[in-house]
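Structure assessment
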Amino acid sequence: MAEVLVLVDHVDGTCRKTTSELLTIARRLGEPSAVFVGAGYDTAAPTLAAFGAEKVYRADSDALTAYLVVPQAELLAQLVERVQPAAVLIASSAEGKEVAARLAVKVGSGLITDAVDVQSDGNGGVVTTQTAFAGGYTVRATVTKGVPVIAVKPNSAPPEQVSGAAAVEAVDYTPSALAQGARIAASTPRARTGRPELTEAAIVVSGGRGTGGDFSKVEAFADSLGAAVGASRAAVDAGWYPHTSQVGQTGKQVSPQLYVACGISGAIQHRAGMQTSKTIVAINKDDEAPIFELVDFGVVGDLFAVLPAATDAVQASKG
Amino acid sequence: MNIVVCVKYVPDAQADRTFNASDNTTDRANVDGLLSELDEYAVEEALKIVEAGEGEVTVVTVGPDQASDAIKKALQMGADKGVHVNDDAIHGSDAIATSLVLAEAIKKIGMPDLVVTGMASTDGTMGVVPTMLAERLGVPAVTFASELTVSGSGVSVRRDGDAASVTIEASVPCLVSVTDQINEPRYPSFKGIMAAKKKPVEQWTLADLGLDASQVGLANAWTAVQSFEARPPRAVGTIVKDEGDGGAKLAGFLSERKFI
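These notes cover the structure that comes with them. All figures in this text were calculated on a predicted structure; none of them were measured in a lab.

1. Concerning the pairing of strand β5 (residues 81–85) of chain B
Residue and element names in this part refer to chain B. With respect to burial, β5 is a largely interior element, four of its five residues being buried. With respect to chirality, the unit in which strand β4 (residues 57–62) leads through helix α2 (residues 68–77) into the neighbouring parallel β5 is right-handed. By the bridge criterion, four bridges tie β5 to strand β12 (residues 201–204) in an arrangement that is parallel. Of the residues in β12, the one forming a bridge with H84 is Q203.

Following this line, the structure appears as structure tokens:
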């Protein structure tokens, strides 16, 4: 059975949830081989084995972490040419899409990004599902040339545990001159909020113009549900919340089990980031706000009255 | 510093965007188009750099006849000249082919110090063409810039990532893609609109770039859209007016759906 390369998405060895999802998807297409780049392998190893990685290609070179995308793309290109995998799966994050883009050009492959489902076509090929035009359409696509390179969004498959051999093979890698053309000169970590990551969260509570800049009630409600906090473009442009929390066309596209929009009117810019959510709830003073066209449940009212009452009720239900 | 800005003519996101049923490509004929909003930030950033120093800004687009509107808008904002690559054979090209055409166009213009793009188009939204273009040009790419500073031999970029805000340095020539956080794009002035009429716009075909129809277009794409379907309208939900009990009713709904 052909190998399927999965680029491990991790921070110092702690795997992001997408890694177990990608390994699960890889098993539909062939035999999963994890590609682990950077430090912290011992931390990652049990996860890779638990989700079915038969092989692990491991490269640990300073160049792979000191420089940006190019070293990872060069390493993957080297592996693709040697292994001839059935597909390469990469997390559809900003960085993952860049690695995928360089890789696709290097090896002459078709690239699909933002896949929300990946299945075998039964003939050794791959069929993917994406949304288009602000979530207004669902599209099915195939790669018609080269080894399919697919960037897959978080929450695209429920991770399934299957133990794998996770046999390690060290890979030699020497970066090209181009790989060293852009380097990280400084890095300021963000303050940790303790909340889940926006794109991975099962529940997202977002605030917009209606918060007037006060996100405390939105955050308290989110925390009662164990949710991530998002913001509309209006709230971000006003400087009320960081851009990394923006949900919408020019921010994050989220697809949680539950999305709660607080004081957000629901312009196309915002809908593009959230309308594929499974259940949608909105609170807005304006009963004509377009967000109410999308909701499963809506409350016409002041979020500063509704949210605290709802937070209390959620807390009470926990006993 | 000479800068090339890549721009795209896209269907208006406010309109009812759809696909052509005949070949599953984006419908660009029946929906009004315009310069992709995210590309305005790229044009603005290039203009600011050149205005603070020297050099010129060339705008390049790949697209059908109407795509000249995207170039016109950029020239009205203040870009110096335009290049429009227009060839029927390009219809249906995917990101890989688009990056090939852009790369050859930039080589023909003459490799600039800096290539600037938006973070993604507002129609395809993949955001991979900038990186593919950098790969084809053999230059570093720094994407999602929220701040861009040019020094003698390179650029310094602030990128606001999920885990950290990072400063990235790259040597020139390089490619930078910019977010909508980087600046506030200017509106064309009356003077700018008048001046744009006299600015040169080159019209190039694939042959002018030494490319062949077999390298681009729908039939030769590296990916294929097999089918598309409109998302079914969401079922009408329950909407209640808060009369002091809105929070409790909301919690009741969440409980019913097993979220709490």
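2. A few points about unusual backbone geometry
Excluding glycine, residues mostly carry a negative phi; peptide bonds, for their part, are mostly trans. Between B:V172 and the following residue, B:P173, the backbone shows a cis peptide bond with an omega angle of 0°. Within the secondary structure, B:P173 sits in the loop between β10 (164–171) and β11 (174–178). Backbone geometry places A:A166, a non-glycine residue, at a positive phi of 50°. Following the sequence through the fold, A:A166 ends up in the loop between β11 (149–152) and β12 (167–170).

3. Here we look at the side chain of B:E44
Along the polypeptide, B:E44 turns up in helix α1 (residues 37–52). With near-sequence residues (within four places) excluded, B:E44 lies in contact with B:M77, B:N183, B:E184, B:P185 and B:R186.

4. Considering the pattern of salt bridges
This structure, assessed with the given rule, holds 31 salt bridges over all chains. Salt-bridge contacts for A:E3 lead to A:K55; the nearest nitrogen and oxygen are separated by 2.9 Å. Highlighted residues: A:E3 in strand β1 (residues 3–7) and A:K55 in strand β5 (residues 55–59), separated in sequence by 52 residues. In this structure A:K55 comes out as partly exposed when scored by relative accessible area, which is 31%. B:E104 is the salt-bridge partner of B:K107, the closest N and O atoms lying 3.2 Å from each other. In this pair, B:K107 and B:E104 both sit in helix α3 (residues 95–109), three residues apart, roughly one turn of the helix. Given a relative accessible area of 43%, B:K107 falls into the partly exposed group.

5. Considering the state of the cysteines
The full count for this structure, using the stated rule, is zero disulfides over all chains. Looking at the unpaired B:C6, the closest cysteine sulfur is the one in B:C174, lying at 13 Å.

6. With respect to helix α1 (residues 17–29) of chain A
The buried fraction of α1(A) is high, at ten of 13 residues. Of the residues making up α1(A), those classed as buried are A:T18, A:T19, A:S20, A:E21, A:L22, A:L23, A:T24, A:I25, A:A26 and A:L29.

7. Quick look at the interface of chain B and chain A
Taken together, the 73 residues of chain B in the interface contact 82 residues of chain A. Of all residues in chain B, B:E135, B:R231 and B:R234 give up the largest surface area on contact with chain A, accounting jointly for 12% of the area buried on that side. Summed over the shared surface of chain B and chain A, the number is nine salt bridges. Residue A:E98 is joined to B:R159 by a salt bridge in which the shortest nitrogen-to-oxygen separation is 3.3 Å. Here chain B is connected to chain A by 44 residue pairs in polar contact (both at pLDDT 80 or more).

About the criteria used
Residues numbered from 1 in each chain as written. Chains lettered and ligands numbered in written order. Predicted model: local features only at pLDDT ≥ 70, side-chain atom pairs only at ≥ 80, totals over all residues. Heavy atoms only, no water. Buried < 20%, exposed > 50% of the residue type's maximum accessible area, 1.4 Å probe, protein only. Helix = DSSP H or I, 4+ residues; strand = E, 2+ residues; numbered from the N terminus. Right-handed = clockwise from strand over helix to strand, strands pointing away. Pairing = 2+ DSSP bridges. Contact = heavy atoms within 4.5 Å. Salt bridge = Lys/Arg side-chain N within 4 Å of Asp/Glu carboxyl O. Disulfide = S-S within 2.5 Å. Buried area = accessible area lost by both parts, 1.4 Å probe. Polar contact = N/O pair within 3.5 Å; in protein donor to acceptor, adjacent residues only side chain to side chain.

In short, the description is geometric, and any link to function would need to be established separately.
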